[in-house]
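# Per-entry structural report
For reference, the chains in residue letters:
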Amino acid sequence: MNAQIALLLGQDGFINGAIYALLALSILLVFSVTRILLIPLGEFVSYAALTMASMQAGKPVMLGAMLVALCLIGLLMDARDALRAGRRLRFRASKLLMPAYVAAVTGLSVTLPLEHIGMAFQGALTVALVVPLGPLLYRVLFLPIASANGLVLLIVAIAAHVALTSAGLLIFGPEGSRTEPFSDATFTIGDAIINSQTLWVIALSFILIALLYAFFEKNLYGKALRATAVDRLGAQLVGISPALAGKASFALAAFISGLSGVLIAPITTIYFDSGFVISLKGFVGAIIGGLASYPVAAAGAVALGLVEAFSTFYASSYKEVIVFTLLLPVLLWRSVAQKGVKDEQ
Amino acid sequence: MTARTPSASEVIALLQVSGLHVSYGKIEAVSGVDMTVGEGKIVTVIGPNGAGKTTLLSALMGLLPARGTVRFDGEDTAGTSIKSRIDRGLALVPETRALFSTMTVENNLELGAFRFRARPARERAAAMEEMFALFPRLKERRAQLAGTLSGGERQMLALARALMGRPRLLMLDEPSLGLAPLIVRDVFRIIADLRNRGVSILLVEQNARAALKVADYAYVLELGRVAAEGPAAELAHDPRVIAAYLGINSKHQERLAI
Amino acid sequence: MSPILRFRTALLALAAIVVVLVAPHLLAPYQVVVLNNVGIFALVTLGIVLLTGIGGLTSFGQAAFVGISAYATACLATMADLPPWLAWLGGSPWGALAAGLALTLLVAAILGGVTLRLSGHYLPLGTIAWGISLYYLFGTLDILGGFAGITGVPPLRLFGIGFESSESLFVLIWVVVLVSLLATLNLLDSRAGRAIRTLNGGQIMAESMGIDTFRTKMVTFLLAAGLAAFAGWLYAYTQRFVAPTPFSLQAGIEYMFMALIGGAGFVWGAIIGAGAVVYLKELLQDVLPLLLGKGGNYETMVFGLLVIVLMQKMPLGITDTAARRLKPLLHARRPAPSGAAPWITAAPPLPRRPRPAPAESILEVRGLTRRFGGLVANHDLSFSVQAGQILAVIGPNGAGKSTLFNQLSCVDTPTAGQIFFRGRTVNGRSARDMAAAGLARTFQHVKLLPTMSVLENAAIGAHLRGGKGVFSSILRLDRREEAQLLKEAETQLVRVGLGAHLHAEAGSLALGQQRVLEIARALCADPCLLLLDEPAAGLRLKEKENLADLLSKLRAEGIAVVLVEHDMDFVMGLADRVMVMDFGEKIAEGLPEQVQANPLVLEAYLGGAE
């Protein structure tokens, strides 16, 4: 290997690592707020990438149909819950927020000439379409079992991944897609070529992380989410509803992974079932962070991206074996670090 | 402080509980409790460990499902969420305090006013200054993480956080737990002070003497049932209560409630 | 076992044999093939029921274990030129079974060693990771035929009988399934099985009763892997062809679906879950094209949605829901027995450990200090307890009494100071060692297994007084010892006044009774030191008097007792000495009357004079 190849691999590794880091952060956020391991996170990534690709290919965008269906199911469930609790069905303006938003983005996705609206707008609309998937899925799938044990939550998360993947096949078809790069510019440093897409991904990842930091440090709602993660009972006692916190964390996760999907779409060919392995690598990052520490998880995810890039070069057919076997020493380290016996619950 | 004897006609019932049952799986922890908390009163629930005191408060707050009627300010709370109870003016400071340990004192207080999130931020800031006037220690520690506070400061923060939500009925679960005697005395002084500001208080305490000293009315809970009730001053001298619950600690507790 | 029960069991076994032999000839050939699959899946799922449903350890990697064994079988059966050191195994199905089992167990032991100590969500995520790794390994190793797999596995021949037709395989598969089911039922109803059942939420308690929880986890994990290996062997001979796909993570996830849908807490849930999933998929394949047209691939999506709906409606699985529906019917016919069965009461009593000499020093604590960060939970505590003495520790909540107990029983380690138990230092010893040395305890927050019977809960305390393991339990060679253990449990339960509740679920007792059950469990260990954390809380007056009588009797037998209690009346009438704690420090010790009357004590305890 020469320096040029190393730099190329390093670039690949950094891009993927940055994406895994973003996903690891979403996983940690959702897990600490709701105790759910959000396995279907990867589907948000692939849905976003494939939606963006459909727009550019001039194919109809079908994601809106799914949003409308989920939204209707959610409203029916709300009504059923209210009737069961013996409450009167009360009309509240806040209830209309989600249906109105879904109607608006779906309307845009159906009526606009998506092929010609420009890449920035395509990306924004794509993310806007993926975000409501988060809270809607939380409402329909997880809210009814919010107090169930961890295993049931995990199984439902996995079943959701199964259903979403095959729904992806129906919506997007079996072919893989890749979108146009944000710009074709390249930079040369010495004899190394740096792709502008690399810079895009890394810059946007940093901006996103900075925005998230500001949200959690300065904004009352961001603080409320943190509070829910720190002490669920305390959060309930100051009036932060766990359902609202759950929906918010899912929305944030969908936003981050939707954006990740838009970012990697020009770099990697994405298929309807690509999401799972991508999100698993986010999980590896999250595990390295001990399902608790954000900076360690991010660093672990970047390291993972680099290992993956270099193992592609040295032993490409064993790439996945190497990446996932790498988890064992991490787990071993955690296992040695954990002292004594604990009771689960 | 002298405990007054409230007569039924004089008191407007803020909280009215009748026939409350709470179960964990197959075990009934609270069986058919009736109780009333009048507006502006301090009512205490005393009893041995495992009598169902914490369970009772959790059920009133909506944290546990329960059978029976709970009326708050005349309205039935059946089927309402914790959030809606908070919006109506109920607040609970649990035994564990449930602070946001990795967040600052200021953030904890700010989140205490989460139910006023739609109001301008300066109102929250003003409320926070009020709390700092009431608990000067917290002002000194405003930028410190809640997890690094001492036991007494934590209890102050838990109380202040609950007060940030401007509750009408404040439920306190073992506020003196694990606190040094001098600080316990502070806590009881604050409780008495809060009543003078118009906050009604439902107090669960193991320091039975101290609780009876500060309260207007008391219930003795035993094995999930009300074993005795009456004006606190009378109950404090009831020989059965003395024998069963006050025991060796009694003089000590009495001094703490000054 | 009573003659009637034995007769009923024999009848059931006979019926099962007849069904297994006759069914393949009555069913359509296609149904036989489907049921063969159900049987193989049920075997794997049974392992998950044991591991996840009962032991609380989540694994998505069982399919990979099936794969290891299936590949080992296929390799040995098909390869012409095996290396010399393997050649003796070639061509023999028994050799293939042995090799598949050995290889699977080896891999499982390594993976288990890395992941089983971890709590929470690391285990499932870890199993997902190695499930993927092994799958890719199957697909990339040339020797295993890559993604095309290995074809041409010869038909199975055992004892000179050929198992080529689906019908003959049906008999073999279902005999293996039923035998495994019986073995699992036997296992769970034994000393080793009780240890496995403590893993789900009772590990601290289990260690305090002398159960090695890590070893128990490993044994459970290996049993589940072993069942998967058996399934892999059957799979290779049923399909006569192996490729990576059926051993992928997706398959591992599907096995977990089967277990949870069937009911992970129930042994029968394995068969019900495997059957439900297989037939559900068949149904979807038949029905969906009619409803939605042939074009789309809707099965997987609808299947995923159905799993979600099932989990929302029946979070504990079909078996649980069915059992609860059927319970009233079954109960009406069979009144619950009171008292222990005759085969238990007839057992000879267990041998007891030699009693300590009167006034032997049992516990000696010197300068004990425990800090948590800046908080001093125990500060410079010194005291001692002799055989036949009751020491009461009193003090307000938060005084550090439970911290003290945790250090005495080696659940927690002192920051400084020394503890001597019967003259030997306990430094560096584990909770298990202390249990073996004769210390038994109860917990402030009751730690029982709520769905297990009162009798079985108490028998956990006698764990170290028996020695039969997994294999004796499966083969029922443990019955003599088991009867003795259960008899001990019964004896102690009668002694504490729970004789009428032997067969009730522990979770259905009142809280006070649960505390008393913990005392019975501790007594089953035949202790010389008993640590009781608030034993009288939640008891009625009469029950308190009975408890005091019992503790007096234990004292007369030479047992040393340390108890934490709030009820002063209870303590004052009973204890030989009282130690008063406040803010982690011992502020007084002496005879009950002395402590009560001592003005200095009161002064100190009151937090300074006015």
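Residues numbered from 1 in each chain as written. Chains lettered and ligands numbered in written order. Predicted model: local features only at pLDDT ≥ 70, side-chain atom pairs only at ≥ 80, totals over all residues. Heavy atoms only, no water.

## Things to note about the overall build of chain B
From N to C terminus, chain B includes 11 helices and 10 strands. Within chain B, the proportion of its 258 residues that are buried is 56%. Taking the intrachain contacts of chain B between residues at least 6 apart in sequence as the baseline, contacts between residues at least 24 apart amount to 69%. Summing over all exposed atoms, chain B offers an accessible surface of approximately 10200 Å²; the carbon and sulfur share of this is 52%. (Helix = DSSP H or I, 4+ residues; strand = E, 2+ residues; numbered from the N terminus. Buried < 20%, exposed > 50% of the residue type's maximum accessible area, 1.4 Å probe, protein only. Contact = heavy atoms within 4.5 Å. Areas by Shrake-Rupley, 256 points an atom, 1.4 Å probe, with all protein chains shown as cover.)

## Description of the domain arrangement of chain C
Residue and element names in this part refer to chain C. Domain boundaries in chain C define domain 1 (33–328) and domain 2 (360–438 + 529–610). One C-alpha centre belongs to domain 1, the other to domain 2; they are set 49 Å apart. Counting residues at the interface gives 6 residues for domain 1 and 4 residues for domain 2. Across the domain 1/domain 2 interface, buried area totals approximately 420 Å², and carbon plus sulfur atoms make up 59% of it. (Domains from an automatic or database assignment. Buried area = accessible area lost by both parts, 1.4 Å probe.)

## A look at the sheet that holds strand S3 (residues 42–46) of chain B
Residue and element names in this part refer to chain B. Read from one edge of the open sheet, 6 strands run S6-S7-S8-S3-S9-S10, paired in mixed fashion. Each end of this open sheet is capped by a strand with a single partner; those strands are strand S6 (90–93) and strand S10 (225–231). Here the strands of the sheet are splayed against their neighbours by 15 degrees on average, with no regard to which way each runs. Pairing of strand S7 (residues 169–173) with strand S8 (residues 200–205) involves 5 bridges; the strand directions are parallel. Paired with Leu169 across the strands is Ser200, a residue of S8. Helix H1 (residues 53–61) rests against S3, S6, S7, S8 and strand S9 (217–222) of the sheet, and its axis sits at about 150 degrees to S7. Helix H6 (residues 151–164) contacts S6 and S7 of the sheet and is inclined by roughly 170 degrees relative to S6. (Pairing = 2+ DSSP bridges. Axes fitted to C-alpha atoms, helices over the stretch in contact; angles between N-to-C directions.)

## Quick look at the packing of aromatic side chains
All names here are of chain C. Inspection of every chain in the model, using the stated rule, returns 21 aromatic pairs over all chains. Centre to centre, the rings of Phe138 and Phe247 are 6.1 Å apart; their planes meet at 75 degrees, and the pair counts as edge-to-face. Residue Phe138 is located in helix H6 (residues 122–140), and its partner Phe247 is located in the loop between strand S4 (241–242) and helix H11 (249–262); the two are separated by 109 residues in the primary sequence. A relative accessible area of 6% means that Phe138 is categorised as buried. On the basis of relative accessible area, Phe247 is assigned to the buried category, the value being 2%. Taken together, the ring pairs connect Trp94, Phe159, Phe230, Trp233 and Tyr237 into an aromatic cluster. The lysine or arginine in question, Lys447, covers the ring of Phe443, its NZ or CZ lying 5.6 Å from the ring centre. (Phe/Tyr/Trp six-rings, centres within 6.5 Å; stacked < 30°, edge-to-face > 60°. Lys NZ or Arg CZ within 6 Å of the ring centre and 35° of its normal.)

## Section: the confidence of the model for chain B
This prediction gives chain B a mean pLDDT of 84; 88% of its residues lie at or above 70. Note that pLDDT drops below 50 for residues 1–10 of chain B; the model gives that stretch 15 contacts with residues more than four away or on any other chain. (pLDDT = per-residue confidence, 0-100.)

## What about the interface of chain B and chain A?
Taken together, the contact pairs 24 residues of chain B with 18 residues of chain A. Together, the buried faces of chain B and chain A total about 2000 Å²; carbon and sulfur atoms form 71% of this surface. By the criterion of area lost to chain A, the three top residues of chain B are Phe100, Leu111 and Phe114 of chain B, representing 28% of everything that side buries. Across the contact surface, chain B and chain A share 1 salt bridge. A salt bridge links Lys223 of chain A to Glu110 of chain B, with the shortest nitrogen-to-oxygen separation between them at 2.6 Å. Linking chain B to chain A there are 2 residue pairs in polar contact (both at pLDDT 80 or more). Going through the elements one at a time, helix H2 (82–88) and helix H3 (105–112) of chain B are the ones with two or more residues in the side of chain B that touches chain A. The element best represented in the side of chain B that touches chain A is H3 of chain B, accounting for 4 residues. Grouping the amino acids of the side of chain B that touches chain A by side-chain chemistry returns 12 nonpolar, 6 polar and 6 charged. (Salt bridge = Lys/Arg side-chain N within 4 Å of Asp/Glu carboxyl O. Polar contact = N/O pair within 3.5 Å; in protein donor to acceptor, adjacent residues only side chain to side chain. Nonpolar A, V, L, I, M, F, W, Y, C, P; charged D, E, K, R; others polar.)

## Some points on the interface of chain C and chain A
Opposite the 50 residues of chain C that make contact, chain A presents 46 residues. Among the residues of chain C in contact with chain A, His121, Tyr122 and Leu125 of chain C are the three that bury the most area, contributing 15% of the side total. Summed over the shared surface of chain C and chain A, the result is 0 salt bridges.

## Section: the pairing of strand S6 (residues 375–386) of chain C
Summarising the sheet, strand S5 (residues 361–372) of chain C and S6 of chain C pair through 8 bridges and their orientation is antiparallel. Bridge pairing in S6 of chain C places Arg370 of chain C opposite Asn378 of chain C.

## Let's talk about the UniProt feature "transmembrane region" (unreviewed entry) in chain C
All names here are of chain C. Under the present numbering, the feature "transmembrane region" (unreviewed entry) in UniProt falls on residues 39–57, 64–88, 94–116, 128–149, 169–188, 218–236 and 256–280. Secondary structure over residues 39–57 splits into 84% helix and 0% strand, and the C-alpha atoms at its two ends are 23 Å apart. This span, residues 94–116, is 96% helix and 0% strand, and a straight line between its end C-alpha atoms measures 30 Å. (UniProt positions renumbered as here; feature names shortened; annotations may be inferred.)

## Let's talk about the packing of helix H12 (residues 275–288) of chain A against H6 of chain C
The geometry of H12 of chain A relative to H6 of chain C is characterised by a closest axis approach of 11 Å and an angle of 135 degrees between their N-to-C directions. In terms of orientation, H12 of chain A lies oblique with respect to H6 of chain C. Here the hand of the crossing between H12 of chain A and H6 of chain C comes out left-handed. Counted together, Leu280, Phe283 and Ile287 of chain A of H12 of chain A and Tyr122, Leu125, Ile128 and Ile132 of chain C of H6 of chain C form the full contact between these two elements. The residue makeup of the contact of H12 of chain A with H6 of chain C, split by class, is 7 nonpolar, no polar and no charged. (Parallel < 35°, antiparallel > 145°, perpendicular 65-115°, else oblique. Left-handed = near helix turned anticlockwise from the far one by under 90°.)

## Some words on the side chain of Asn107 of chain B
With respect to the element layout, Asn107 of chain B can be found in helix H3. Asn107 of chain B gets classed as buried once you look at its relative accessible area, which sits at 10%. When near neighbours in sequence (up to four residues on either side) are disregarded, Asn107 of chain B contacts Lys223 and Arg226 of chain A.

## Some words on the pattern of salt bridges
Taken as a whole and judged by the stated rule, the model has 45 salt bridges over all chains. The salt bridge involving Arg80 of chain A is made with Asp81 of chain A; its shortest N-O contact spans 3.2 Å. On the accessibility criterion, Arg80 of chain A (29% relative accessible area) is partly exposed. By relative accessible area, which is 30% here, Asp81 of chain A ends up partly exposed. For Arg189 of chain B, the salt bridge identified is with Asp186 of chain B, shortest N-O distance 3.5 Å. Of the two residues, Arg189 of chain B and Asp186 of chain B are both situated in helix H7 (residues 181–196); the distance of 3 residues between them amounts to about one turn of the helix.

## Some thoughts on the sheet that holds strand S1 (residues 13–24) of chain B
All names here are of chain B. Taken together, the 4 strands give an open sheet; going across it, the order is S2-S1-S4-S5, and neighbouring strands pair in antiparallel fashion. Each end of this open sheet is capped by a strand with a single partner; those strands are strand S2 (27–38) and strand S5 (75–76). Both strand S4 (residues 67–72) and S5 contribute to a ladder of 2 bridges, which runs antiparallel. Bridging from a neighbouring strand, Phe72 pairs with Glu75 of S5. Contacts from H1 reach S1, S2 and S4 within the one sheet, and its direction differs from that of S1 by about 115 degrees.

## A few points about the side chain of Thr106 of chain A
All names here are of chain A. Looking at where Thr106 falls in the secondary structure, it is placed in helix H4 (residues 97–111). The class of Thr106 is buried, set by a relative accessible area of 12%. Here Val102 takes part through its backbone oxygen, which lies 2.6 Å from a polar atom of the side chain of Thr106.

## Description of the domain arrangement of chain B
By a frequent convention, interface size equals the accessible area lost on bringing the separate parts together. Residue and element names in this part refer to chain B. What the domain assignment reports for chain B is domain 1 (11–89 + 167–256) and domain 2 (99–166). Taken residue by residue, the interface counts 17 residues in domain 1 and 13 residues in domain 2. Between domain 1 and domain 2, a total of about 1200 Å² is buried, with carbon and sulfur atoms accounting for 75% of that surface. Seen at the junction of domain 1 and domain 2, the total is 0 salt bridges. In this assembly, domain 1 and domain 2 are joined by 1 residue pair in polar contact (both at pLDDT 80 or more). At the level of secondary structure, the elements contributing two or more residues to the side of domain 1 that touches domain 2 comprise H2, S7 and H7. Element by element, the count of residues in the side of domain 1 that touches domain 2 is highest for H7, at 6 residues.

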